[in-house]
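# Remarks on the overall topology
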Amino acid sequence: MQLLMVEDEERLAQSLSQGLRAEGYAVDVVGDGLSGLELARSGDYAAVVLDLMLPGMNGFRVCEELRRDANAVPILMLTAKNGEYDEAEALDCGADDFLSKPFSYVVLTARLRALLRRGAASRPAVLAVGNLRIDPAARRCTAGDTVLKLTNKEFGVLECLVRRPDQAVPKAEILDAVWDSAFRGDVNIVEVYIAALRRKLHAAGADCLIETVRGIGYRAVSDAR
Ligand code: CA
């Protein structure tokens, strides 16, 4: 199983790669973003461990470039400590998981194993309703040529509906899929996001409509004529 590690802190890269090799992985290590991108594009890696702060090109950019190429290699992003913003960004730009520095080696390998189990193959293709396209891997949503700027929750709600076009999706199901289990608020919070999504879809010229299904929830339908 071949891994790519893009990390410019030499000692960290060395100790991690040594540990991973001892567990039987083949590990290629590079110390800058451009080499990382090049290798990730050309190589057949089972996963990429990608540092955020890198010389040449940062981890976000590397990740975005790969996803733009429709490269679905699982990516574990290493972010700076206390970087809540970084973590959200990491997921937004298409990383599969992130780990804040400093982290324990045990946690790194556990996360890697989880990523490898899920694998690139299980990645859903691009979802579509009408001219609306959602790429869950790249966290990208477009209507024709227009890119919709969605918040994480808006994206999640829309993805939930577009996964099952023409079917009524219960509000509670949307809540479960998008909000974490610690959320104790009103299920009607979903309405607020639906309203925002309808505005954005309309503004972007999407011919995907979100219909209200009374007493149940919502349904995404194509309005293309
Ligand atoms: Ca770094």
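Everything quoted here is computed from the prediction, not taken from an experiment. (Residues numbered from 1 in each chain as written. Predicted model: local features only at pLDDT ≥ 70, side-chain atom pairs only at ≥ 80, totals over all residues. Heavy atoms only, no water.)

## Some thoughts on the overall build of the protein chain
Inclusion rule: Strands are runs of DSSP state E lasting at least two residues, helices are runs of H or I lasting at least four, and both sets are numbered from the N terminus onward. Whether a residue is buried, partly exposed or exposed follows from its accessible area with a 1.4 Å probe, protein chains only, as a fraction of its type maximum: under 20%, in between, or over 50%, in that order. Contact criterion: two residues are considered in contact whenever any of their non-hydrogen atoms come within 4.5 Å of each other. Each accessible area value is a Shrake-Rupley result obtained with a 1.4 Å probe; residue values ignore everything except the protein chains displayed when judging cover.
Tallying secondary structure elements over the protein chain gives eight helices and 12 strands in all. On the principal axes, the C-alpha backbone points of the protein chain span a range of 60 × 40 × 25 Å. Of all 225 residues assigned to the protein chain, the portion counted as buried reaches 45%. Pairs at least 24 apart in sequence give 55% of the contacts found in the protein chain among residues at least 6 apart. Here the protein chain has roughly 11700 Å² of accessible surface; of this, 50% comes from carbon and sulfur atoms.

## Structural notes on the packing of helix α6 (residues 152–162) against helix α7 (residues 171–178)
Rules: A fitted line through C-alpha atoms serves as each axis, taken over the contacting stretch for helices, and the angle formed by two N-to-C directions is quoted from 0 to 180°. For classification, angles of less than 35 degrees are called roughly parallel, those exceeding 145 degrees roughly antiparallel, those between 65 and 115 degrees roughly perpendicular, and all remaining angles oblique. By convention, the crossing between two helices is left-handed when the near helix turns anticlockwise from the far helix through less than a right angle, and right-handed when the turn is clockwise. Side-chain classes are defined by residue name, with Ala, Val, Leu, Ile, Met, Phe, Trp, Tyr, Cys and Pro counting as nonpolar, Asp, Glu, Lys and Arg as charged, and the others, Gly among them, as polar.
Where α6 meets α7, the closest approach of the two axes is 9 Å, and the angle between their N-to-C directions is 130°. As far as their axial angle goes, α7 and α6 are oblique. Once α6 is placed against α7, the crossing between them reads as right-handed. Every residue of α7 that contacts α6 at Lys153, Gly156, Val157, Cys160 and Leu161 is listed here: Ile174, Ala177 and Val178. A breakdown of the residues in the contact of α6 with α7 according to their chemical character gives six nonpolar, one polar and one charged.

## A look at the coordination of the calcium ion
Here is the rule: Nitrogen, oxygen and sulfur within 2.8 Å of a metal are treated as its donors, or within 3.2 Å for sodium, potassium and calcium (Na, K, Ca); water is not counted, so a site can appear incomplete.
For the calcium ion, the full set of protein donor atoms is Asp8 (OD), Asp51 (OD) and Met53 (O), and the range of their distances to it is 2.1 to 2.3 Å. Read in sequence order, the donor residues for the calcium ion give the motif D-x42-D-x1-M. A relative accessible area of 59% means that Met53 is categorised as exposed.

## Some thoughts on the sheet that holds strand β8 (residues 140–143)
Basically, it comes down to this: Pairing between two strands is assigned when DSSP locates at least 2 bridges connecting them.
Strands sit in the order β6-β7-β8-β9 across an open sheet of four strands; the sheet is antiparallel. Two strands bound the open sheet, and with one partner strand each, they are β6 (127–129) and β9 (146–147). With three bridges joining them, β6 and strand β7 (residues 132–135) adopt antiparallel strand pairing. Bridging across to β7, Leu127 finds its partner in Ile134.

## Quick notes on the sheet that holds strand β10 (residues 169–170)
One open sheet holds the three strands; their spatial order is β10-β12-β11, and the pairing between them is antiparallel. Two strands close off the open sheet at either side, each with one partner strand: β10 and β11 (208–213). Across the sheet, α6 is in contact with β10, β11 and β12 (217–222); its angle to β12 comes to roughly 70°.

## A word on the domain arrangement of the protein chain
Rules: Domain delimitation follows an automatic or database domain assignment. Two parts placed together each lose some accessible area under a 1.4 Å probe, and the buried area is that loss summed for both. Salt bridges are defined by distance alone: a side-chain nitrogen of Lys or Arg within 4 Å of a carboxyl oxygen of Asp or Glu. Side-chain atoms alone can form a polar contact between residues adjacent in sequence; in general such a contact is a pair of N or O atoms within 3.5 Å, and within protein one must be able to donate a hydrogen while the other accepts it.
Each assigned domain of the protein chain is listed with its residue range as follows: domain 1 (2–122) and domain 2 (127–222). Between domain 1 and domain 2, the C-alpha centre-to-centre distance is 29 Å. Approximately 360 Å² of surface area, both sides summed, lies buried where domain 1 meets domain 2, with 41% of it carried by carbon and sulfur atoms. It is Arg67, Asp92 and Gly94 in domain 1 that bury the most area against domain 2; as a group they hold 76% of the surface buried on that side. Applying the counting criterion to the domain 1 and domain 2 interface returns zero salt bridges. At the boundary of domain 1 and domain 2, one finds zero residue pairs in polar contact (both at pLDDT 80 or more). It is helix α4 (residues 84–92) that provides the largest number of residues to the side of domain 1 that touches domain 2, a total of three residues. Considered class by class, the residues forming the side of domain 1 that touches domain 2 number two nonpolar, one polar and two charged.

## A short note on unusual backbone geometry
Cis peptide bonds are those with omega within 30 degrees of zero, and the linkage from Lys101 to Pro102 qualifies with -5°. If you trace the backbone, Pro102 turns up in the loop between β5 (97–100) and α5 (105–118). Positive phi values are uncommon outside glycine, yet Asp166 reaches one of about 65°. Within the secondary structure layout, Asp166 lies in the loop between α6 and β10. A relative accessible area of 54% means that Asp166 is categorised as exposed.

## Here we look at the state of the cysteines
What we call a disulfide is simply a covalent bond connecting the sulfur atoms of a pair of cysteines. Let me state the cut-off plainly: Pairs of cysteine sulfur atoms within 2.5 Å are identified as disulfides in what follows.
Overall, the coordinates contain zero disulfides when judged by the stated rule. Take Cys93: it sits in no disulfide, and the sulfur closest to it among the cysteines is that of Cys63, at 3.7 Å. Cys93 sits in the buried class, given a relative accessible area of 5%. Between Cys208, a free cysteine, and Cys141, which holds the nearest cysteine sulfur, the sulfur-to-sulfur gap is 8.5 Å.

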